[in-house]
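Next come the chains, spelled out residue by residue.
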Number of protein chains: 2
Amino acid sequence: MGQTRIQRTKIAVICEAALDVFSTHGYRGTTVDQIARAAELSKPNLLYYFPSKEAIHTHLLNQLMDTWLDPLRELDHTGDPLSEILTYVRRKLAMSRDMPRESRLFANEILQGAERIGPALSTELKPLVDDKARVIAEWMHAGRLRASDPHHLLFSIWSLTQHYADFDVQVRAVLGPEVDDPFPEAEAYLVTMFTRMLSV
Amino acid sequence: MGQTRIQRTKIAVICEAALDVFSTHGYRGTTVDQIARAAELSKPNLLYYFPSKEAIHTHLLNQLMDTWLDPLRELDHTGDPLSEILTYVRRKLAMSRDMPRESRLFANEILQGAERIGPALSTELKPLVDDKARVIAEWMHAGRLRASDPHHLLFSIWSLTQHYADFDVQVRAVLGPEVDDPFPEAEAYLVTMFTRMLSV
DNA sequence: GTGTCCTTTGACCGGTTGGTCAAAAGGTTG
DNA sequence: CAACCTTTTGACCAACCGGTCAAAGGACAC
């Protein structure tokens with residue numbers, strides 16, 4: 001809508017700062033002052049751009065839902081089944097590597113009961129998942145993919161890939177300081193896993 | 001130590017209440033009043049048994065670390081490799097079903113940077129994991145298990161099983177109201193997955 | 001330059017937070 | 001009963017919380 005240049009840039013700065021803070025402290029654990037400090041703004045100035053703390057959080061979550069579902073949307077029923085799944089796995093893992101804050105924001109929200117994003121799970125996520133699960137089921141039925149529960153297959157892709165963002169601290173603590181980037185190993189492991197799981 | 005009968009029971013009640021609240025709101029999102037109300041105690045009375053909010057949280061986390069690692073400790077290098085892994089998977093999944101609050105407490109802590117439990121990851125978790133990873137590597141080397149990265153294999157077991165506790169809301173939203181217990185399906189899926197992944 | 005609108009700020013507010021304290025209530029032992 | 005220790009409580013506190021507001025400061029078109 002009718003936005004000033006200043007508004008556009010400041011709102012972007014605030015979202016960036018808020019993502020930082022919300023993703024590491026959760027909604028309740030975050031204070032407006034923290035966000036303001038991170039955005040290098042005074043608190044009233046921040047509240048000039050967003051009406052409330054909750055508005056910032058909601059804004060972030062809504063933006064996120066879209067980008068979060070993008071890789072799944074691109075799963076193409078006309079493509080090669082195994083390649084499509086592996087591409088999806090690789091993209092989700094890349095998102096964990098490149099957007100760990102977004103992953104943690106989402107994880108925090110779900111973990112704490114999804115009070116704010118709950119409805120979108122039923123109205124946005126479920127229909128998309130049901131659709132793609134049907135595609136996968138057809139692939140399996142046609143003998144192009146080894147049979148298993150499509151919904152749980154998708155759950156397993158989410159959990160395995162997001163784990164490397166959400167539990168990053170634990171992964172690094174276990175692998176030790178000599179491994180400074182777990183993602184190449186992780187990708188190799190996940191490709192192996194889903195290939196063995198699904199190839200006929 | 002020298003504990004009264006009243007002290008023992010009250011401390012147990014407080015821990016139970018605190019687990020409820022901490023696991024659904026995170027550390028910062030939890031108030032002492034909330035815990036006190038859940039424990040049916042007045043706030044000063046609660047603080048008579050624990051010196052601070054943080055003390056309760058730390059106490060919970062320390063207790064948790066032990067029970068959390070139990071299933072992994074029982075992985076027996078003299079047993080049948082695949083059965084041992086599958087037993088471990090089933091036990092971890094059962095813990096997600098029966099102790100979802102503990103799982104979420106742990107997830108909250110790791111997700112938010114593991115500021116309180118961080119050291120224990122290196123001193124308690126890593127040595128145990130390294131030891132068991134060595135056992136698994138030997139099984140693979142002996143041709144009794146299909147080869148893959150043992151550390152990432154353990155990560156995958158954790159992420160897949162804990163997902164059903166930590167992301168319970170999302171799982172139920174996606175599966176819809178007609179599925180009232182996702183765990184039987186989940187167990188079947190995970191057994192299939194690790195069997196295909198590991199059996200020679 | 002001047003008027004207008006957008007942006008920023010310091011001071012402030014009512015409510016909540018984690019935590020203290022002195023005193024009261026309760027239990028146990030002689 | 002009396003002395004002693006454990007447990008419970010209401011009143012209270014300083015710090016912090018999310019959010020408001022009037023007024024000052026800038027940007028920009030004319």
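In the block above lies the structure referred to throughout.
Reading the values: the criteria
- Residues numbered from 1 in each chain as written.
- Chains lettered and ligands numbered in written order.
- Predicted model: local features only at pLDDT ≥ 70, side-chain atom pairs only at ≥ 80, totals over all residues.
- Heavy atoms only, no water.
- Helix = DSSP H or I, 4+ residues; strand = E, 2+ residues; numbered from the N terminus.
- Buried < 20%, exposed > 50% of the residue type's maximum accessible area, 1.4 Å probe, protein only.
- Contact = heavy atoms within 4.5 Å.
- Areas by Shrake-Rupley, 256 points an atom, 1.4 Å probe, with all protein chains shown as cover.
- Lys, Arg positive; Asp, Glu negative; His and termini not counted.
- Charge placed at Lys NZ, Arg CZ, Asp CG, Glu CD.
- Near = heavy atom within 4 Å.
- Polar contact = N/O pair within 3.5 Å; in protein donor to acceptor, adjacent residues only side chain to side chain.
- Nonpolar A, V, L, I, M, F, W, Y, C, P; charged D, E, K, R; others polar.

This next bit is on the overall build of chain A. When its secondary structure is counted, chain A shows 10 helices and zero strands. When the helices and strands of chain A are placed in sequence order, the string is α-α-α-α-α-α-α-α-α-α. In terms of its C-alpha atoms, chain A occupies a principal-axis envelope of roughly 60 × 45 × 30 Å. Evaluated residue by residue, chain A yields a buried proportion of 56% over its 200 residues. Counting contacts in chain A only where the partners sit at least 6 residues apart, residues at least 24 apart contribute 69% of the total. Put simply, chain A shows about 8800 Å² of open surface, and 52% of that area lies on carbon and sulfur atoms. Across chain A, the 22 positively charged side chains and the 27 negatively charged ones have centroids separated by 4 Å.

Attention shifts here to the protein's contact with DNA strand C. Q7, K10 and Y49 of chain A together with V32 and K53 of chain B are the nearest of the 18 residues found near DNA strand C. The sugar-phosphate share of atoms of DNA strand C within 4 Å of the protein amounts to 56%. T30 of chain B is positioned with one of its backbone polar atoms (N or O) 3.1 Å from a phosphate oxygen of DNA strand C. Between a phosphate oxygen of DNA strand C and a main-chain N or O atom of K53 of chain B, the distance comes to 2.8 Å. Those elements that provide at least two residues to the surface near DNA strand C are helix 1 (5–25) and helix 3 (43–49) of chain A together with helix 3 (43–49) of chain B. When residues of the surface near DNA strand C are assigned to their parent elements, the largest contribution, four residues, is made by helix 3 of chain A. Residues belonging to the surface near DNA strand C are distributed by class as follows: seven nonpolar, seven polar and four charged.

As a matter of local geometry, DNA strand D sits amid 18 residues, with K43 and K53 of chain A together with Q7, K10 and Y49 of chain B nearest to it. Sugar plus phosphate, as a fraction of atoms of DNA strand D within 4 Å of the protein: 57%. In this structure, K53 of chain A approaches DNA strand D through a main-chain N or O atom, which is 2.8 Å from a phosphate oxygen. The side chain of Y48 of chain B places a nitrogen or oxygen atom 2.9 Å from a phosphate oxygen of DNA strand D. Of all the secondary structure elements, the ones that give two or more residues to the surface near DNA strand D are helix 3 of chain A together with helix 1 (5–25) and helix 3 of chain B. For the surface near DNA strand D, the element with the highest residue contribution is helix 3 of chain B, accounting for four residues. Classifying every residue of the surface near DNA strand D gives seven nonpolar, seven polar and four charged.

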